[in-house]
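# Coordinate inspection notes
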Amino acid sequence: MKKLTYIFLLLLFLGSCSTIKYVKEHEQLLTKNTIIVDNNKHKNNKLNQYLTQKSNAKTLGLPLSLYFYNIGNPYGSTEVEEWSLNNPKLYKTFSRLFSEKQGISIAESFVGLNNWFLRNGQPPIIINSDKTKKSVRNLHTYFQNNGYFKSKVWAKTDTLGKRKGAVTYYISKGKPLFLDTISKNIKSPVLDSLYNLEKHKSFLKPNKQYNNQDFINEAERITKLFRNKGIYHFNTNSIGFFDIDTSKYKTNVNLEIENRIIEKDRNYIEKPYKIQRIKNINVYTDYSYNIRNDKISVSKQYNGINFHSFGKLKYNPKYLSQYIFLKPNQIYTDSLRNLSKKYIRSLKNFKTTNIRYKELNDEELEANIYLTPTEKYTLSVGTEVARSNIRQYDISANASLTNRNIFKGAEIFNFSVSGSYFQASNGPGWKIGGDLSLEVPRFMAPFSWNRLIPKSMFPKTKFFVGTSVQKNIGLDKQNFNLGVNFKWNRNKRKKIKIELLNTEYIRNLNRENYFSIYSSEYKKIKKLANIYNYTEDIISYKGIRNFLQTITSNNSFKNSNLAEYKDALNIFNRYNIITSDFLIPVIAYNFTYNSQDNYKNQNFSYFKFRLANSGNFLGFLTKKTDHLNRTVLFETPIAQYFKIDVEYKKFWRISDKSTLGIRGFAGFILPYNNSSIPFSKSYFSGGSNDIRAWRTYDLGPGTRPQGLEYNIGNLKLLGNIEYRFDIIGDLKGALFIDGGNIWDTTYSPTDDKSKFKKLKTSLTDIAIGSGFGIRYDLKFLVARLDLGFKVREPYLNSPWLQNFNFNSAVYNIGINYPF
């Protein structure tokens with residue numbers, strides 16, 4: 001039955017593969033656009049955006065969206081009654097065999113399926129002479145805007161086989177126009193003086209090629225200059241560029257700025273612009289349109305700013321004034337107005353922020369700031385169903401209560417609880433947790449350190465505390481964490497965060513479960529016991545521990561069975577690290593650069609750097625050590641290490657329908673004072689956001705053969721390259737190559753295959769995977785399925801393409817893109 005289904009689908013698809021299936025006899029399918037500029041074929045996609053007709057979208061060279069459309073029938077039935085009339089035999093057969101109702105249902109299914117193919121596919125692009133002429137006009141306008149006023153553009157349509165055609169656009173640019181003398185005529189003396197202050201920043205320069213964008217940029221520059229120097233009423237419409245002669249190859253440009261035009265007694269009169277200052281600032285803290293005419297209940301003044309409230313004044317003027325960059329007697333400045341709006345919005349306390357100005361006289365303004373608060377309390381509830389290679393299913397729920405303006409300074413207090421139930425390979429389990437956080441929109445630092453970061457960088461302080469308990473995840477854990485974070489925006493693209501004493505306490509609740517979870521370790525112990533002729537208990541947790549202590553302290557066994565001794569030492573070391581409780585007090589510096597201005601921008605780069613230290617501060621408070629010579633506080637080992645992470649991502653928009661992305665990551669952890677690295681802070685390889693040809697924790701470290709359940713290391717290298725493209729509608733596709741590995745560089749007695757040696761030697765340990773994926777864009781998230789194939793397995797004697805097949809492939813289900 002499955003084979004018949006596949007054959008039917010294949011025949012159905014092949015039947016749609018005629019690209020001219022629904023192209024009429026007198027029509028031509030547009031197969032290609034070509035642009036020839038001065039007898040040279042133009043390869044840059046920049047000019048293609050001016051073409052009103054483009055050939056059908058292609059995926060890997062095939063017009064799949066057109067094939068999909070052709071499975072449907074654009075001339076088919078659109079309603080049930082019409083379908084029954086067009087297919088009377090089929091309709092009567094279903095109605096007779098089943099019922100009239102079933103016949104209608106079948107008709108609805110056929111109509112709906114046909115419409116679905118048409119809706120999600122792309123109809124054939126038919127060459128249209130009117131649209132071709134419009135494309136010619138668009139190209140001509142483009143070259144004129146770039147100074148080629150004598151350019152010529154024409155198009156030619158060629159027939160390519162049956163009902164197919166291509167359009168070629170020919171462009172002769174001619175000689176460009178250059179700017180000669182730049183002069184100005186600014187009537188208002190104040191504006192003339194301000195212009196002269198920054199005329200060296202002009203986009204218009206003598207001997208520069210004419211470019212229409214330069215004139216637009218210059219008008220915007222002048223407007224921004226004046227409006228940031230107190231000229232409140234100025235706008236771009238007051239600027240004109242004259243005396244431009246496009247008939248020659250050089251032209252003069254005269255910049256003219258008229259006086260302000262105002263209406264007085266039904267007549268329009270000219271008036272020179274004047275610099276205006278802000279005399280009064282009024283802030284309405286609980287404004288809404290419905291109560292705009294009500295009487296003000298409370299008014300207070302702080303630092304010259306008047307705060308008003310129609311009800312109780314719920315915001316402390318001392319703090320709210322810090323988020324307003326306007327000051328009394330300050331010259332009007334557009335940038336400070338915009339900065340104030342942006343800052344107030346970032347508080348997440350107000351639905352709307354509106355700043356309006358009222359002219360008091362020719363030289364004075366009144367600023368009125370209208371703030372509409374959002375709800376003080378917000379309750380949000382969420383659920384999630386997930387699956388991974390570690391958990392067969394995971395059902396989780398969370399609830400969060402937010403209290404805004406809790407201390408009257410626009411603070412945000414959040415209390416959240418979460419819980420999950422899942423089925424793991426070793427049985428069912430659960431996890432519950434709770435968190436408290438307080439975000440303060442300013443620096444809460446002693447010794448006036450808050451003055452080091454200006455308010456314009458949006459400084460914030462976040463205090464948090466939380467705890468969680470999990471059952472049947474590894475060894476069952478209890479976590480407790482607390483800390484303080486400081487963050488600010490260095491500029492629009494650069495962000496900085498400092499983690500100050502972010503302390504985490506990890507307590508293992510079920511150490512006895514270790515050898516059940518790490519069953520491969522237990523198998524090795526049984527072999528070691530046979531070699532050692534150990535006859536005592538190796539079944540109970542206590543018995544296994546006694547055996548490991550006995551075998552690793554026996555020098556005679558070490559001398560006679562060195563390889564087995566190292567295996568035992570390695571097992572015991574891993575056991576001590578993973579079962580140990582830890583106190584992890586972290587101080588970290590984070591720097592992030594992101595050039596993506598908005599989510600539509602597909603040409604951007606991203607860089608993240610993090611430097612962290614754990615245990616340095618608490619290490620000074622105690623000199624106690626445990627039996628492994630690790631520094632302890634209250635009998636709990638302190639994790640002491642330095643950690644550095646560097647990540648870089650770059651994306652290029654290849655076409656309207658495709659993007660190329662790369663990612664590189666390098667991370668290193670350096671422990672000191674005999675400290676171990678906590679399992680949760682170590683690196684791993686594999687998984688849906690990593691090297692997708694291996695499952696999470698399956699790869700590495702180094703060339704160590706697979707077999708351990710959870711593989712970790714303290715050094716990681718990772719590289720990804722992914723080509724993303726549209727398939728049909730919201731269905732996307734991807735081709736990818738992943739590479740990387742983890743290694744161990746610590747002084748722990750791991751096997752040599754796990755170690756990172758010389759750079760040149762260890763780079764041969766790199767694992768490589770490749771594959772393809774499909775993604776469906778649900779607008780609020782992207783559902784993803786990636787299939788990864790093992791290309792290079794460094795732990796094999798012949799590492800290349802030994803398991804490059806579907807049987808060894810890894811299926812990765814994920815949410816959103818992997819990077």
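As the structure is a computational prediction, the values presented were derived from the model and not from experiment.

For the rest of this paragraph, the subject is the overall build of the chain. Helix and strand content of the chain: 17 helices and 33 strands. Dimensions of the chain along its principal axes, counting C-alpha atoms only, are 110 × 85 × 65 Å. Burial status across the chain gives 44% buried among its 819 residues. Counting contacts in the chain only where the partners sit at least 6 residues apart, residues at least 24 apart contribute 63% of the total. Carbon and sulfur atoms form 54% of the exposed surface of the chain, whose accessible area is close to 44500 Å². When the 121 positive and 67 negative side-chain charges of the chain are each reduced to one mean point, those points stand 2 Å apart.

To continue, consider the layout of surface pockets. The space that makes up the second largest pocket amounts to roughly 1200 Å³. The wall of the second largest pocket is formed by 38 residues, among which N48, K54, S55, S655 and D656 lie closest to the centre. When contributions to the lining of the second largest pocket are tallied by element, the ones reaching two or more residues are strand 1 (29-37), strand 27 (641-655) and strand 29 (715-728). Across the lining of the second largest pocket, the residue classes break down as nine nonpolar, 19 polar and ten charged.

On to the environment of T132, then. Within the element layout of this structure, T132 appears in helix 6 (residues 129-145). Its relative accessible area of 9% is what places T132 among the buried residues. Considering only alpha carbons, one finds T132 and Q53, 79 residues apart in sequence, at a separation of 7.3 Å. Aside from chain neighbours lying at most four places away, what touches T132 is Q53, I127, A155, V167 and Y169.

With that settled, the discussion passes to the confidence of the model for the chain. For the chain, the mean per-residue pLDDT works out to 88, and 96% of the residues sit at or above 70. Segment residues 1-12 is flagged for pLDDT under 50; beyond a separation of four residues in sequence, or across chains, it makes one contact in the model.

This part is about the pattern of salt bridges. Counted by the stated rule, this structure contains 28 salt bridges. Notably, a salt bridge pairs R724 with E722, separated by 2.6 Å at the nearest N-O pair. The residues R724 and E722 share a single accessibility class, namely buried. Here D726 makes a salt bridge to K732, at a shortest N to O gap of 3.4 Å. Classification of D726 as partly exposed rests on a relative accessible area of 23%. On the basis of relative accessible area, K732 is assigned to the buried category, the value being 15%. In the salt-bridge network here, residues are joined through shared partners; they are R692, E722, R724, D738, R775, R784 and D786.

On the surface, Y377, L379, V381, L401, F415, V417, L436, V465, F480 and L482 cluster together into a nonpolar patch covering about 890 Å² of accessible area. Those elements that place two or more of their residues in the nonpolar patch are strand 16 (377-386), strand 18 (412-424) and strand 21 (477-489). No other element matches the three residues that strand 16 contributes to the nonpolar patch. Counting through the fold element by element, V417 comes out in strand 18. Accessibility expressed as a relative area gives 36% for V417, which makes it partly exposed.

Moving on to the packing of helix 13 (residues 541-552) against helix 15 (residues 562-579). A pair of packed helices is captured by two measures, namely the crossing angle of their axes and the spacing between those axes. Relative orientation of the contacting elements helix 13 and helix 15 amounts to 130°, with a least axis distance of 9 Å. Regarding the angle of helix 13 to helix 15, the classification is oblique. Judged by the twist between their axes, the crossing of helix 13 over helix 15 is left-handed. Here Y541, R545, L548, Q549, I551 and T552 of helix 13 come into contact with helix 15, specifically with Y565, A568, L569, I571, F572 and Y575.

A few words on the packing of aromatic side chains. Scanning all chains against the criterion turns up 41 aromatic pairs. Look at Y22 and Y75: their rings are 6.0 Å apart centre to centre, the planes differ by 65°, and that puts the pair in the edge-to-face class. With Y22 in the loop between helix 1 (2-15) and strand 1 and Y75 in the loop between helix 2 (64-71) and helix 3 (80-86), this residue pair connects regions lying 53 residues apart in the sequence. Of the residues examined, Y22 reaches a relative accessible area of 16% and is grouped as buried. Each ring, one from F215 and one from F241, has its centre 5.1 Å from the other, and the planes form 85°; the classification is edge-to-face. Of the two residues, F215 is situated in helix 8 (residues 212-227) and F241 in strand 6 (residues 239-242); the sequence distance between them amounts to 26 residues. One aromatic cluster is present, formed by Y50, Y142, F143 and Y148 through successive ring pairs.

Pairing geometry for strand 27 and strand 28 (residues 658-671), over 14 bridges, is antiparallel. In the strand pairing of strand 28, F651 is matched with G661. Counting the residues between successive antiparallel strands, the hairpin from strand 27 to strand 28 contains two residues. Bridging between strand 28 and strand 29 involves eleven bridges; their strand directions are antiparallel. Bridged to F665 within strand 29 is L718.

For the rest of this paragraph, the subject is helix 8. The terminal C-alpha atoms of helix 8 lie 23 Å apart, and with 16 residues this matches the ideal 22 Å at 1.5 Å per residue to within 8%. By the burial criterion, the buried members of helix 8 are D214, F215, E218, A219, R221, I222, T223, L225, F226 and R227. The secondary structure elements touched by the buried residues of helix 8 are strand 5 (178-186), helix 7 (189-197), strand 6, strand 7 (250-257) and helix 10 (334-346). One side-chain oxygen of the residue at the start of helix 8 lies 2.8 Å from the amide nitrogen of Q213, identifying that residue as N211.

A few words on the pairing of strand 8 (residues 260-264). Alignment of strand 8 against strand 9 (residues 267-271), held across five bridges, turns out to be antiparallel. Of the residues in strand 9, the one forming a bridge with I261 is E270. Counting the residues in the hairpin turn of strand 8 and strand 9 gives two residues, including D265, whose phi is positive at 55°.

So, on to empty space enclosed by the protein. All told, the structure shown has two cavities of 30 Å³ or more when counted by the stated rule. Of the volumes computed, that of the largest cavity is approximately 80 Å³. What lines the largest cavity is I231, Y232, H233, R260, K271, P272, Y273, K274, Q276, E359 and D362. Residue classes in the lining of the largest cavity are distributed as four nonpolar, two polar and five charged. Here the lining of the second largest cavity is built from residues that sort into four nonpolar, one polar and three charged.

The mixed open sheet is built from three strands, whose spatial order is 5-7-6. Since the sheet does not close on itself, it has two edges, and those belong to strand 5 and strand 6, each with one partner. Between one strand axis and the next, the sheet turns by 20° as a mean value, whatever way the strands run. Sheet topology note: the strand 5/strand 7 ladder contains seven bridges and is parallel. Bridge pairing in strand 7 links N185 to E256. In the packing of helix 7 onto the sheet, contacts are made with strand 5 and strand 7, and the angle to strand 5 comes to roughly 140°. Each of strand 5, strand 6 and strand 7 is contacted by helix 8, which is oriented at about 145° to strand 6, the strand it contacts most.

What follows is about the side chain of N114. Relative to the elements of secondary structure, N114 occurs in helix 5 (residues 100-120). When neighbours within four sequence positions are excluded, N114 is seen to be in contact with G72, N73 and S77.

So, about helix 12 (residues 519-532). The end-to-end C-alpha distance of helix 12 is 20 Å, a good match for the 20 Å that 14 residues give at a rise of 1.5 Å each. Every buried residue of helix 12 is accounted for by S520, E521, I525, L528, A529 and Y532. Buried residues along helix 12 sit against helix 11 (514-517), helix 13, helix 14 (555-560) and helix 15. Directly after helix 12, the chain includes N533, whose backbone phi takes a positive value near 60°.

Cut-off values and rules
- Residues numbered from 1 in each chain as written.
- Predicted model: local features only at pLDDT ≥ 70, side-chain atom pairs only at ≥ 80, totals over all residues.
- Heavy atoms only, no water.
- Helix = DSSP H or I, 4+ residues; strand = E, 2+ residues; numbered from the N terminus.
- Buried < 20%, exposed > 50% of the residue type's maximum accessible area, 1.4 Å probe, protein only.
- Contact = heavy atoms within 4.5 Å.
- Areas by Shrake-Rupley, 256 points an atom, 1.4 Å probe, with all protein chains shown as cover.
- Lys, Arg positive; Asp, Glu negative; His and termini not counted.
- Charge placed at Lys NZ, Arg CZ, Asp CG, Glu CD.
- 1 Å grid on protein atoms, 1.4 Å probe; cavity = no way out; pocket = protein on both sides within 12 Å on 5 of 7 lines; lining within 4 Å.
- Points joined across faces, edges and corners; volume = space filled by probe spheres on them.
- Nonpolar A, V, L, I, M, F, W, Y, C, P; charged D, E, K, R; others polar.
- pLDDT = per-residue confidence, 0-100.
- Salt bridge = Lys/Arg side-chain N within 4 Å of Asp/Glu carboxyl O.
- Patch = residues over 30% accessible without salt bridge, like charges linked within 9 Å, V, L, I, M, F, W, Y side chains within 5 Å.
- Axes fitted to C-alpha atoms, helices over the stretch in contact; angles between N-to-C directions.
- Parallel < 35°, antiparallel > 145°, perpendicular 65-115°, else oblique.
- Left-handed = near helix turned anticlockwise from the far one by under 90°.
- Phe/Tyr/Trp six-rings, centres within 6.5 Å; stacked < 30°, edge-to-face > 60°.
- Pairing = 2+ DSSP bridges.
- Expected span 1.5 Å × (residues − 1).
- Polar contact = N/O pair within 3.5 Å; in protein donor to acceptor, adjacent residues only side chain to side chain.

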